[in-house]
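# Structural overview for review
One-letter residues, chain by chain:
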Amino acid sequence: MTTEIESMHEKWMSEAIRLAQIAYEKDEIPVGATVVKNNKIIGRGYNQREILKDPTAHAEILAITAAANTIGDWRLNDCTLYVTKEPCVMCAGAIINSRIRSVIFGCYDAERGYCGSVADLCSYPRLKNDITVHGGISEEKCLELIQNFFKTKRKV
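First things first, this report covers the structure right here in the doc.

Conventions used here
- Residues numbered from 1 in each chain as written.
- Predicted model: local features only at pLDDT ≥ 70, side-chain atom pairs only at ≥ 80, totals over all residues.
- Heavy atoms only, no water.
- Helix = DSSP H or I, 4+ residues; strand = E, 2+ residues; numbered from the N terminus.
- Buried < 20%, exposed > 50% of the residue type's maximum accessible area, 1.4 Å probe, protein only.
- Salt bridge = Lys/Arg side-chain N within 4 Å of Asp/Glu carboxyl O.
- Contact = heavy atoms within 4.5 Å.

The next thing to look at is unusual backbone geometry. A positive phi is found at Asn38, a non-glycine position, where the angle reads about 50 degrees. By secondary structure assignment, the location of Asn38 is in the loop between strand 1 (32-37) and strand 2 (40-46). Judged by its relative accessible area of 68%, Asn38 falls in the exposed class. The phi torsion at Asn39 lies on the positive side, around 65 degrees, for a residue other than glycine.

Have a look at this one:
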């Protein structure tokens, strides 16, 4: 990946990290997400499962919903999702169903990540989609947020 593309990814990921920090402050698992189209953020989200008492209130789902509302269409063609942690199976399904073009994530999730770690639903040939996935962008910052959150939780 070229330096120019990397710095663009880091720019959008920094907003996802900012959103993850909001989740952290609200005692939610610190994951943040943005949806970008034509070099503009059209959707934002951070984990709100505890706040909303909703098991589907993951950062990715909320960002996808916000983006669809912004453009008035559920088809998020030509959009890129930036998320601080590798999406789970539910979120990978939402990514596929919303027709997002690419997913850029921060830290890998070896236990629940479905964009390459456990499995890669986004490039599964029988689902007939062509989603580009790239992990490891701002990985240290994203991983540090999650690790610090769980360290704090375990001390309580």
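On we go.
Under the definition given, this model contains six salt bridges. Between Asp27 and Lys153 there is a salt bridge, with its nearest N and O atoms 2.7 Å apart. Placement of Asp27 in the loop between helix 1 (3-25) and strand 1 and of Lys153 in helix 5 (residues 139-155) is noted, with a sequence separation of 126 residues between them. The shortest N-O distance in the salt bridge between Asp109 and Lys85 comes to 2.9 Å. With Asp109 in the loop between strand 4 (102-107) and strand 5 (132-135) and Lys85 in strand 3 (residues 79-85), the pair connects residues that are 24 residues apart, well separated along the chain. Salt bridges linked by common partners bring Glu15, Arg18 and Arg44 together as one network.

This paragraph deals with the environment of Gly136. Counting through the fold element by element, Gly136 comes out in the loop between strand 5 and helix 5. On the accessibility criterion, Gly136 (27% relative accessible area) is partly exposed. Sequence separation between Gly136 and Cys107 is 29 residues; the distance between their C-alpha atoms is 5.5 Å. In contact with Gly136, not counting residues within four places along its chain, are Phe105, Gly106 and Tyr108.

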